[in-house]
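Residues per chain are reported as follows:
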Amino acid sequence: MVVSGIFVSGNQSDTLEPIHSCWAKQTAKNAILYRSVVFVRTLHYIRWQQQCIVNHYYHNMSRKIILFIIGILFTANFFVTAQKNLSIEDCVTGYASYLRPADLEKISWRPATCNFTYVEAEKLVQVPATGSKADQLTDLQKLNACLSERNMGPFSTFPDHHWINEHEILFNDNVLFIWYNIDEQKINKATRLADQAENIDFSPSCDHIAYTVENNLFVADPEGKIYSVSISRDRSIVSGQTVHRNEFGISKGTFWSPGGNVLAFYVKDETDVSDYPLVDVTESVAALQQIKYPMAGMQSEKVKVGIYHMESHTSVFLDTGDPDDHYLTNIAWSPDEKYIYLAELNRDQNHLRMNQYSAEDGSFVTTIFEEKDPMYVNPLHPIVFVPGKPDQFLWQSRKDGYNHLYLYHLNGTMLKQVTNGKWEVLTFYGFSQSGGEVFFIANKDGVLNEMLYRATLSGEDVHVVTPEPGVHEVMLNTTGDLIIDRFSSTTVPNTIQIRNGNGKLVNLVLKAGNPLKEYALATIEDGTIRAADDTTELHYRLFIPNQMVPGQKYPAVVYVYNGPLNQLIKNTWINRTELWLHYMANQGYAGFILDGRGSANRGRDFEQVIFRSLGTHEMKDQIKGVEFLRSLEFIDPGRIGVYGWSYGGFMTISLMTSYPEVFRTGVAGGPVTDWKYYEVMYGERYMDTPDTNPEGYAGTSVLNKVQNLKGNLLVIHGAMDPVVVWQHSLMLLRKCVEENVLVDYFVYPTHEHNVTGTDRVHLMRKVTDYFVKNL
């Protein structure tokens, strides 16, 4: 737990006393003090203790000592009162601006050097890895002067950029691209794509650009000539864009070969996918916007992979065979550009084949290996070839229960399990210069941490490169001997430092101050409880109201997601949701977050407990969290609320209707109400189809439970939501009318799956107001 900014970790088995108990009890067995903070933070704690201390020591201390203590406490009151209280605007707009920790904008390595660059005050500056002096390379004014000479531009702010080599940078702002010689301060080449250009993807040498306009794919060559890769007037045939609704790690639709001579691209045929109506009410007469939305058990898109050869400007397609409702994902190229590799997954998502195809004619070559799972396989990463060994590659798999790296030969032989243990590889970053070692982010040293490790391909030596506990994001230079390490923790707002490949600290570049130091924040307690299976350890985070009055009971708001592929509690700096929970603590509400079974980064079995019955085990774990809350003497057991969005919205309504005696008030945003209305890829992975799992779909549908609702429920939805379509909450309303159940409802007419921009302030006011009035 944390006392006024001092973090202490505890387990339920140790039963840490509430914060306003005497100080000695708060240092319960196994509690670990994470850090000290400035004195003014601890004054919150002192204020909570005033009455407790006076009562406890009154009969044992002289009047003079008592008066002395009271004097100190009144001084503490003065300083505590001087701290600011958060506003909702602080939590929303402030979080992204003035309350954001200091950072370096657009930081990157300069190729073939030991220098890094970043943008500051509309200038690109360079700093040696071991130094501190920043030298200006160019600025916005110079770039715009060069553009003016070509009757182009200007850039409104310093543009995004990518180093092509030591001397040349590619700058881009939307559809304007310039190749800029940094030494000569001149533009080598400039190109402006069509204003409608999207999904822009550069070849490795940045001389060719793939992009889409509407549903077709194009390529621009170094001279600016445009080639049409696909020409289809049928809007149901889409090329060069993501497929399978961004599941299976898919984030784009084009894949350049290592030399940039060939382009692989997705084509999806959505002809048989149902049209789904969204309504744009901003038109004088509301306009229909049709999207394609494949619901569970219905016809899905048909996907194929094309290969476009730059020299001949012709395409071939991979012979991926039947059935055509399978999933094609994790596309990778061989180093010599002769072959394409992809993971083919059946629609049931329980049988994966790693297939090899000829890039010349698209023919099937062989299946290298297969993976099966009685529940599901969820491939998220393509194979990665070992430098200097074109017949060996790395593959990430959970086949031993946790996501780890495996070394394979192209003949299908698994040569070595490179990493192993009850922890997960989260991000693969690359190889050492020799190719004999790998760098990766993992939670090896605690599930709340994400740290960089280095391991030999033999798997015999795994050691941490970024030893500070926290969440690290790194950037390796081209040789892997220098690393930009940006990290934060619950006590470190943001730090950027340079390390060598072995982890030795080379340079401290930035240590951000605490942007919230002037604000009154909640006391935070991090700890663990047992899951409903009475075995699995679950992590929680508790937000305790400041300035509590001894003996008074306080309401609590449970923030919930608890769905797959998401972890809420990490050892990182305060996020947007947590900042709102701090705000609520200022209003006298405790906050609580629990990552129950089903959430991410805890291994296969931890997640797969949800299979075919989404919400069931998750709710049992969340109730264990509520039982823990109720055990705290400062929590009012009759005033427990719950709030979540998307999967968290589904969980909120499920909890309100499955455990109606537990929760007094709930707010559900963008909620799934019946999984049969959700998309094929995600829904069928975890629930199978409505025909093969009718009991599961019926048992998890909140539409079948609305008659149980007793508390106050606010449902919020974006009318233009293309992810959890509006139909979900509308069907809930319909069922509530049928069952004569009253709920509150609010729609954001122009927003999609979440409420963003300045309107988010309105959203959080709405959510807050509902809890204040009803909890």
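Just above, that's the structure.
This structure is a prediction, so every number in the text was calculated from the model and none was measured. (Residues numbered from 1 in each chain as written. Predicted model: local features only at pLDDT ≥ 70, side-chain atom pairs only at ≥ 80, totals over all residues. Heavy atoms only, no water.)

**Describing the overall build of the protein**
Part 1: The secondary structure content of the protein amounts to 13 helices and 46 strands.
Part 2: Here the contacts in the protein between residues at least 6 apart in sequence split such that 57% fall between residues at least 24 apart.
Part 3: If you sum the accessible surface of the protein, you get close to 32,400 Å²; carbon and sulfur atoms cover 49% of it. (Helix = DSSP H or I, 4+ residues; strand = E, 2+ residues; numbered from the N terminus. Contact = heavy atoms within 4.5 Å. Areas by Shrake-Rupley, 256 points an atom, 1.4 Å probe, with all protein chains shown as cover.)

**Thoughts on the side chain of Thr-191**
Part 1: Assignment of secondary structure puts Thr-191 in strand β11 (residues 186-192).
Part 2: Overall, Thr-191 belongs to the buried group, its relative accessible area being 11%.
Part 3: In this view, Thr-191 contacts Met-152, Val-175, Leu-176, Phe-177 and Trp-179; residues no more than four positions away in its chain are not counted. (Buried < 20%, exposed > 50% of the residue type's maximum accessible area, 1.4 Å probe, protein only.)

**A few points about the sheet that holds strand β23 (residues 327-333)**
Part 1: Taken in spatial order, the four strands line up as β23-β24-β25-β26 in an open sheet, and their pairing is antiparallel. In this open sheet, the two strands that pair with only one neighbour each are β23 and β26 (364-372). Across the sheet, the mean angle from the axis of one strand to that of its neighbour is 20°, orientation sign disregarded.
Part 2: Two strands pair when backbone bridges link them, and β23 and strand β24 (residues 339-345) are joined in this way by five bridges, in the antiparallel orientation. In the sheet register, Leu-328 faces β24, and the bridge partner there is Glu-344. (Pairing = 2+ DSSP bridges. Axes fitted to C-alpha atoms, helices over the stretch in contact; angles between N-to-C directions.)

**Concerning the side chain of Asp-221**
Part 1: In this fold, Asp-221 is placed in the loop between β14 (216-220) and β15 (226-228).
Part 2: The charged side chain of Asp-221 is buried without a salt bridge, its nearest counter-charge being Lys-225 at 6.3 Å.
Part 3: In this structure the side chain of Asp-221 is engaged in a polar contact, spanning 2.8 Å, whose partner is the backbone nitrogen of Lys-225.
Part 4: If sequence neighbours within four positions are ignored, Asp-221 has contacts with Asp-207, His-208 and Tyr-227. (Lys, Arg positive; Asp, Glu negative; His and termini not counted. Salt bridge = Lys/Arg side-chain N within 4 Å of Asp/Glu carboxyl O. Polar contact = N/O pair within 3.5 Å; in protein donor to acceptor, adjacent residues only side chain to side chain.)

**Concerning the layout of surface pockets**
Part 1: Space inside the largest pocket adds up to approximately 900 Å³.
Part 2: Taken together, 30 residues line the largest pocket, and the ones lying closest to its centre are Gln-241, Lys-268, Glu-270, Ile-291 and Lys-292.
Part 3: Of all the secondary-structure elements, those providing two or more residues to the lining of the largest pocket are β12 (198-202), β19 (275-280) and β20 (287-292).
Part 4: Looking at the lining of the largest pocket, the element that brings in the most residues is β20, giving four residues.
Part 5: The residue makeup of the lining of the largest pocket, split by class, is nine nonpolar, nine polar and 12 charged. (1 Å grid on protein atoms, 1.4 Å probe; cavity = no way out; pocket = protein on both sides within 12 Å on 5 of 7 lines; lining within 4 Å. Points joined across faces, edges and corners; volume = space filled by probe spheres on them. Nonpolar A, V, L, I, M, F, W, Y, C, P; charged D, E, K, R; others polar.)

**Digging into helix α10 (residues 680-687)**
Part 1: With eight of its eight residues buried, α10 lies for the most part within the structure.
Part 2: Those residues of α10 that fall on the buried side of the exposure criterion are Val-680, Met-681, Tyr-682, Gly-683, Glu-684, Arg-685, Tyr-686 and Met-687.
Part 3: Where α10 terminates, the next one or two residues include Asp-688, which has phi positive at roughly 60°.

**So, the packing of helix α8 (residues 616-630) against helix α9 (residues 647-658)**
Part 1: In the contact formed by α8 and α9, the axes pass within 10 Å of each other and the chain directions differ by 70°. As far as their axial angle goes, α9 and α8 are roughly perpendicular. Taking contact as the criterion, the partners of Glu-618, Met-619, Gln-622 and Ile-623 in α8 are, on α9, Tyr-647, Met-651, Ser-654, Leu-655 and Ser-658.
Part 2: Looking at the contact of α8 with α9, its residues break down into five nonpolar, three polar and one charged. (Parallel < 35°, antiparallel > 145°, perpendicular 65-115°, else oblique.)

**Things to note about the packing of aromatic side chains**
Part 1: Going through the model one piece at a time under the given rule, you end up with 38 aromatic pairs.
Part 2: Relative to Tyr-453, the ring of Phe-440 has its centre 6.0 Å away and its plane inclined at 20°; by these criteria the two rings are stacked. With Phe-440 in strand β32 (residues 437-442) and Tyr-453 in strand β33 (residues 451-456), this residue pair connects regions lying 13 residues apart in the sequence. Residues Phe-440 and Tyr-453 agree in their burial class; the two are buried.
Part 3: The positively charged end of Lys-304 is found above the aromatic ring belonging to Phe-317, 4.3 Å away from the centroid.
Part 4: Taking the ring centre of Phe-606 as reference, the NZ or CZ of Arg-602 above it sits at 4.4 Å. (Phe/Tyr/Trp six-rings, centres within 6.5 Å; stacked < 30°, edge-to-face > 60°. Lys NZ or Arg CZ within 6 Å of the ring centre and 35° of its normal.)

**Some details on the sheet that holds β14**
Part 1: Taken in spatial order, the four strands of this open sheet run β12-β13-β14-β15, and their pairing is antiparallel. The open sheet has two free edges, formed respectively by β12 and β15, since each of these has just one partner strand. Strand-to-strand twist of the sheet, defined as the mean angle between neighbouring strand axes without regard to direction, takes the value 25°.
Part 2: Across three bridges, the pairing between β12 and strand β13 (residues 209-213) is antiparallel. Residue Glu-198 lies in a different strand from β13, and its bridge partner there is Thr-212.

**Regarding helix α12 (residues 727-738)**
Part 1: Relative to the 16 Å expected for 12 residues at 1.5 Å per residue, α12 spans 16 Å between its end C-alpha atoms, a close match to the ideal helical length.
Part 2: Of all the residues in α12, the buried ones are His-728, Ser-729, Leu-732 and Cys-736. The buried residues of α12 occupy one face: seen down the axis, they fall within an arc of 90°. Away from its buried face by more than 90 degrees, α12 exposes Arg-734 and Val-737.
Part 3: If you follow the buried residues of α12, they end up packed against α9, β45 (712-718) and β46 (744-748).
Part 4: Downstream of α12 by one or two residues, Asn-740 has phi in the positive range, about 60°. (Expected span 1.5 Å × (residues − 1). Arc of directions from axis to C-beta.)

**Some remarks on a nonpolar patch on the surface**
Part 1: Where nonpolar side chains cluster on the molecular surface, the patch consists of Val-279, Val-281 and Leu-288 and spans about 250 Å² of accessible area.
Part 2: Within the fold, Val-279 resides in strand β19.
Part 3: Taking the relative accessible area as the measure of exposure, Val-279 reaches 36% and is therefore partly exposed. (Patch = residues over 30% accessible without salt bridge, like charges linked within 9 Å, V, L, I, M, F, W, Y side chains within 5 Å.)

**Considering the pairing of strand β44 (residues 665-669)**
Successive residues of a regular strand alternate their side chains across the two faces of the sheet.
Part 1: Within β44, five of the five residues are buried, which leaves the element mostly enclosed by the surrounding structure.
Part 2: The side-chain alternation of β44 yields two buried faces, one formed by Thr-665, Val-667 and Gly-669 and the other by Gly-666 and Ala-668.
Part 3: Sheet topology note: the strand β43 (residues 635-645)/β44 ladder contains five bridges and is parallel. Note on β44: the bridge partner recorded for Gly-644 is Ala-668.
Part 4: Once the chain exits β43 it traverses α9 before rejoining the sheet at β44, and the crossover so formed is right-handed. (Right-handed = clockwise from strand over helix to strand, strands pointing away.)

**Side note on unusual backbone geometry**
Part 1: Each neighbour pair has its own omega, and for Gly-153 with Pro-154 the value is 5°, a cis peptide bond.
Part 2: Note on placement: Pro-154 falls in the loop between α5 (140-149) and β8 (160-163).
Part 3: Cis rather than trans, the peptide bond between Asp-322 and Pro-323 has omega equal to -5°.
Part 4: Residue position: Pro-323 is located in the loop between β22 (314-317) and β23.
Part 5: The backbone of Cys-206 shows a phi angle near 65°, a positive value even though the residue is not glycine.
Part 6: Mapped onto the secondary structure, Cys-206 falls in the loop between β12 and β13.
Part 7: For Arg-612, which is not glycine, the phi torsion reads 70° and is therefore positive.
Part 8: Counting through the fold element by element, Arg-612 comes out in the loop between α7 (604-608) and α8.

**Some remarks on the pattern of salt bridges**
Part 1: Under the counting rule described, the total for this entry stands at 36 salt bridges.
Part 2: In this structure, the salt-bridge partner of Glu-450 is Lys-570, at a minimum N-O distance of 2.8 Å. Here the residue Glu-450 occupies a position in the loop between β32 and β33, and Lys-570 occupies one in the loop between β41 (554-559) and α6 (576-586), the gap between them amounting to 120 residues.
Part 3: Judged by its relative accessible area of 22%, Lys-570 falls in the partly exposed class.
Part 4: Within the structure, one salt-bridge network assembled from shared partners comprises Arg-100, Asp-103 and Arg-486.

Geometric values such as these leave the question of function open.
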